[in-house]
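Residue-level structural notes
If you want the building blocks of each chain, they are given just below.
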Amino acid sequence: MPVSMLLFLSLLCTPFSFSTVATDSVYDNLLHCLSSKTNSKDQFSKIIYSPFNSSYTPILQDYIRNRRFNTSTTRKPLLIVTPLKESDVQTTIICAKQIGVQLKIRSGGHDYEGISYVSNVPFIILDMFNLRSINIDIKDETAWVQSGATVGELYYSIWQKSKVHGFPAGICPTMGIGGHISGGGYGNLLRKYGLSVDNVIDAQIVDVKGRILDRKAMGEDLFWAIRGGGGASFGVVLAYKLKLVPVPPVVTVFRVIKTLEDNASDLIYKWQFVANKIDNNLFIRLLLQPTTIKNKDTMRATFIGLFLGDSNSLLSVTKAGFPELGLAKQECMEMSWIQSVLFWANFDNGTSENVLLDRKGGSPNFFKRKSDYLKTLIPKDGLEGL
Ligand SMILES: Cc1cc2nc3c(=O)[nH]c(=O)nc-3n(C[C@H](O)[C@H](O)[C@H](O)COP(=O)(O)OP(=O)(O)OC[C@H]3O[C@@H](n4cnc5c(N)ncnc54)[C@H](O)[C@@H]3O)c2cc1C
């Protein structure tokens, strides 16, 4: 065989052999380190998945929520560790540090850029999905929620205990508590109760030394940081203690659609003056989407609302504060708060609350997303440009 051919073959083989060796040695080193900390190899071999284990791919893919990061060229973790108890998190942090491999923390996998499960350097995933207990104390109006729980599981658990309590968090039920709350958490109770992090009263985190710290032990600076600064920069959040908020037994939702032909631009322009000033019980989200009507390309503006009260009270609020919307009684739907959660998550009216326990939702799409806060109004010609 010519030398050039040999070289070509060896180049082809090199990356595979490297990753096999790397995975093998990281697996052995990690297992050795973990078991040396507890004297139990068996216990840890059950929570570590290497690419040679048949559960590795399903576990990896279960919480990939963006198909852009589920391609054959996406770099895969050397191992996935799925802790069953808090001490598994502690030992994994200590051992990852000891063997010098990057640790990625994943709760619900909804990171827009796949930060919790992709990396440019060799890495392992600490997947929190087994740590998802939720303890609601209605008397105290609080909840301890482990970071592997989803927002939907939290809403469901609150609803099981009380029909007049809720929690201000995002609208997508499959987001993980760990990433969602450590990143801020905004949703349709924002105007009345603020962000999720405005309603966090305690937390448990494992720091880089493997210590479990609560609010008192971590201090106010770190406690501040893990409420909006992104948890993974500071440690592994095990759980948050949340302050529940009151919701009325009846809330009202609506969805009003206008196109450019219905003067949507004027309405959107006006909405910018109204959205942050109208009665705090009313949240109106605006969705702008291109659409085609009768073979003509146009734009559709959807105004989606949640009002913490009945439809008559809502109508008097919109008549006084946003009459241009022209909201009519027949467009208003009264329901319980938990049903409004389903409405906002685009489930059909009457869907069972149990759907909130479906941790995976539908199959993920390819998407690119970015959120921002508007601090100045978009002028009318800006809207037309959009
Ligand atoms: C379809 C969709 C809808 C969304 N809707 C909303 C919305 O309505 N409101 C809103 O505010 N946001 C929304 N988001 C954004 C979402 O809140 C963030 O992407 C959030 O970080 C996701 O958390 P996660 O645990 O699911 O994600 P992950 O991908 O698991 O984690 C996100 C980040 O947090 C870190 N992290 C995760 N768990 C922990 C932990 N236990 N300790 C320390 N760090 C951790 C990860 O390492 C990563 O950096 C949405 C995202 C998507 C994809």
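This one's a predicted model, so the numbers in the text were calculated from it and none came from an experiment.

To continue, consider the packing of helix α5 (residues 151-161) against helix α11 (residues 337-344). Contact geometry of α5 with α11 gives a least axis separation of 10 Å together with a crossing angle of 160°. Overall, the two elements α5 and α11 adopt an arrangement that is roughly antiparallel. Crossing hand, α5 versus α11: left-handed. When α5 is examined against α11, the residues Y155, Y156 and W159 are found in contact with a partner set consisting of W337, I338 and V341. In terms of residue class, the contact of α5 with α11 is made up of six nonpolar, no polar and no charged.

According to UniProt, the "domain: FAD-binding PCMH-type" (unreviewed entry) feature falls on residues 73-247. Structurally, residues 73-247 comprises 26% helix and 25% strand, and the distance from its first C-alpha atom to its last is 47 Å.

Let us now look at the side chain of S311. Of note, S311 is situated in helix α10 (residues 311-321). For S311, a relative accessible area of 4% gives the class buried.

Next up on the list: the domain arrangement of the protein chain. Taken domain by domain, the protein chain comprises domain 1 (3-127), domain 2 (134-246) and domain 3 (251-385). Computed over C-alpha atoms, the centres of domain 1 and domain 3 are 41 Å apart. Tallying the contact residues gives nine residues for domain 1 and eleven residues for domain 3. A combined buried area of about 1200 Å² lies between domain 1 and domain 3, and 48% of that area is made up of carbon and sulfur atoms. It is R65, R67 and Y112 in domain 1 that bury the most area against domain 3; as a group they hold 53% of the surface buried on that side. Where domain 1 meets domain 3, there are two salt bridges. One salt bridge connects K368 with E113, and the closest N-O pair in it is separated by 2.8 Å.

Moving on, we come to a nonpolar patch on the surface. Taken together, the side chains of Y186, L190 and Y373 make up a nonpolar region of the molecular surface, amounting to roughly 330 Å² of accessible area. Turning to its location among the elements, Y373 is positioned in the loop between α11 and α12 (380-385). What makes Y373 exposed here is its relative accessible area of 59%.

All right, on to the confidence of the model for the protein chain then. On average, residues of the protein chain score 92 in pLDDT, and 95% of them are at 70 or above. In the predicted structure, residues 1-18 sits below a pLDDT of 50 and forms two contacts with residues beyond four places in sequence or in another chain.

By the element assignment, I59 lies in helix α3 (residues 56-62). Along the sequence, I59 and F129 sit 70 residues apart, while their C-alpha atoms lie 9.8 Å from each other. Setting aside residues no more than four positions away along its own chain, I59 makes contact with Y49, I80, T82, R106, D127 and F129.

Attention now moves to the site of the ligand. Residues in contact with the ligand amount to 28 residues; listed here are only the nearest, I105, S107, S116, H180 and Y186. I105 has a polar backbone atom sitting 2.6 Å from an oxygen atom of the ligand. Between the ligand and the protein, one listed contact pairs an oxygen atom with a backbone N or O atom of H110 at 3.0 Å. A total of 960 Å² of accessible area belongs to the ligand in isolation, and the protein chains cover 89% of it. Within the residue set of the shell around the ligand, elements represented by two or more residues are β3 (102-106), α6 (177-182) and β10 (236-243).

Now for the pairing of strand β8 (residues 200-206). Remark: a regular strand shows side chains that alternate across the two faces of the sheet. Judged by how many residues are buried, β8 sits mostly within the fold: five of seven residues are covered. Note that β8 and β10 share six bridges and pair antiparallel. If you follow V206 over to β10, its bridge partner there is V236. Pairing between β8 and strand β9 (residues 212-213): two bridges, direction antiparallel. Bridge pairing in β9 links V206 to I212. What sits between β8 and β9 in their antiparallel hairpin is a turn of five residues, with G210 showing a positive phi close to 85°.

Definitions and cut-offs
Residues numbered from 1 in each chain as written. Predicted model: local features only at pLDDT ≥ 70, side-chain atom pairs only at ≥ 80, totals over all residues. Heavy atoms only, no water. Axes fitted to C-alpha atoms, helices over the stretch in contact; angles between N-to-C directions. Helix = DSSP H or I, 4+ residues; strand = E, 2+ residues; numbered from the N terminus. Parallel < 35°, antiparallel > 145°, perpendicular 65-115°, else oblique. Left-handed = near helix turned anticlockwise from the far one by under 90°. Contact = heavy atoms within 4.5 Å. Nonpolar A, V, L, I, M, F, W, Y, C, P; charged D, E, K, R; others polar. UniProt positions renumbered as here; feature names shortened; annotations may be inferred. Buried < 20%, exposed > 50% of the residue type's maximum accessible area, 1.4 Å probe, protein only. Domains from an automatic or database assignment. Buried area = accessible area lost by both parts, 1.4 Å probe. Salt bridge = Lys/Arg side-chain N within 4 Å of Asp/Glu carboxyl O. Patch = residues over 30% accessible without salt bridge, like charges linked within 9 Å, V, L, I, M, F, W, Y side chains within 5 Å. Areas by Shrake-Rupley, 256 points an atom, 1.4 Å probe, with all protein chains shown as cover. pLDDT = per-residue confidence, 0-100. Near = heavy atom within 4 Å. Polar contact = N/O pair within 3.5 Å; in protein donor to acceptor, adjacent residues only side chain to side chain. Pairing = 2+ DSSP bridges.

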